[in-house]
Amino acid sequence: IKVKKANIDNYSTAEQRIGTWIDGKPLYRKVISWGTLPNASEKSVAHNISNIGIITDIKGFAYNSAYTTMRIPHILPSGITSSIGMSASVSNINISTGSDRSGWTCYVILEYTKK
């Protein structure tokens, strides 16, 4: 019997099944091309995932024209003006910045179950 391995190492803008969550439901991953970060404000981008259940992981990164990369959320001891916050709902990914980060391009990786 040949067993098909889950796509745990596959990152794609298309929904990918990557395993099984602790409740037995399929676990999925999707990379969202989020766009440019906001200028000292909050911005929401739709993730376009239907029937999303539990979001088990949310992480992201942003890079600038010099290809400097930072993880998101980005928390610095210097305070809120340097930090970047991120959250997700059943419809959107929300990112807030305390300073101008509009020169940075962002990708967000969601892992989730379905209802």
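Please read these numbers as outputs of a predicted model, since none were measured by experiment.

Thresholds applied
Residues numbered from 1 in each chain as written. Predicted model: local features only at pLDDT ≥ 70, side-chain atom pairs only at ≥ 80, totals over all residues. Heavy atoms only, no water. Helix = DSSP H or I, 4+ residues; strand = E, 2+ residues; numbered from the N terminus. Contact = heavy atoms within 4.5 Å. Areas by Shrake-Rupley, 256 points an atom, 1.4 Å probe, with all protein chains shown as cover. Lys, Arg positive; Asp, Glu negative; His and termini not counted. Charge placed at Lys NZ, Arg CZ, Asp CG, Glu CD. Pairing = 2+ DSSP bridges. Axes fitted to C-alpha atoms, helices over the stretch in contact; angles between N-to-C directions. Salt bridge = Lys/Arg side-chain N within 4 Å of Asp/Glu carboxyl O. Buried < 20%, exposed > 50% of the residue type's maximum accessible area, 1.4 Å probe, protein only.

Asker: Give me the lowdown on the overall build of the protein chain, citing residues and values where you can.
Answerer: Per the secondary structure count, the protein chain includes 0 helices and 8 strands. Overall, the protein chain shows an N-to-C arrangement of helices and strands of β-β-β-β-β-β-β-β. For the protein chain, long-range pairs separated by at least 24 residues make up 62% of all intrachain contacts whose partners lie at least 6 apart in sequence. Accessible surface, the protein chain: about 6800 Å² in total, of which carbon and sulfur atoms supply 52%. Side-chain charges in the protein chain split into 13 positive and 7 negative, and the spacing between the mean points of these groups amounts to 6 Å.

Asker: Before we move on, can you summarise the sheet that holds strand β6 (residues 84-88) with the specific residues and values?
Answerer: The 3 strands are arranged β3-β7-β6 in an open sheet whose pairing can be described as antiparallel. What marks the edges here is a single partner per strand, and that holds for β3 (42-46) and β6. Strand-to-strand twist in this sheet, taken as the mean axis angle between neighbours without regard to direction, amounts to 15 degrees. Bridge count for β6 against strand β7 (residues 92-97) is 5 bridges, and the pairing is antiparallel. Paired with Ala88 across the two strands is Ile93, which belongs to β7.

Asker: Would you mind going over the pattern of salt bridges in detail, with residue names and values included?
Answerer: Tallied over the entire structure, the rule returns 3 salt bridges. Measuring nitrogen to oxygen at the nearest pair gives 3.0 Å for the salt bridge that ties Arg29 to Glu111. You can see Arg29 sitting in strand β2 (residues 26-36) and its partner Glu111 sitting in strand β8 (residues 105-114), a full 82 residues away along the chain. A residue is classified by how much of its surface remains accessible, and Arg29, at 4% relative accessible area, is buried. Classification of Glu111 by relative accessible area gives buried; the value is 12%. Put simply, Lys59 and Asp57 hold a salt bridge, and the shortest N to O gap is 3.4 Å.

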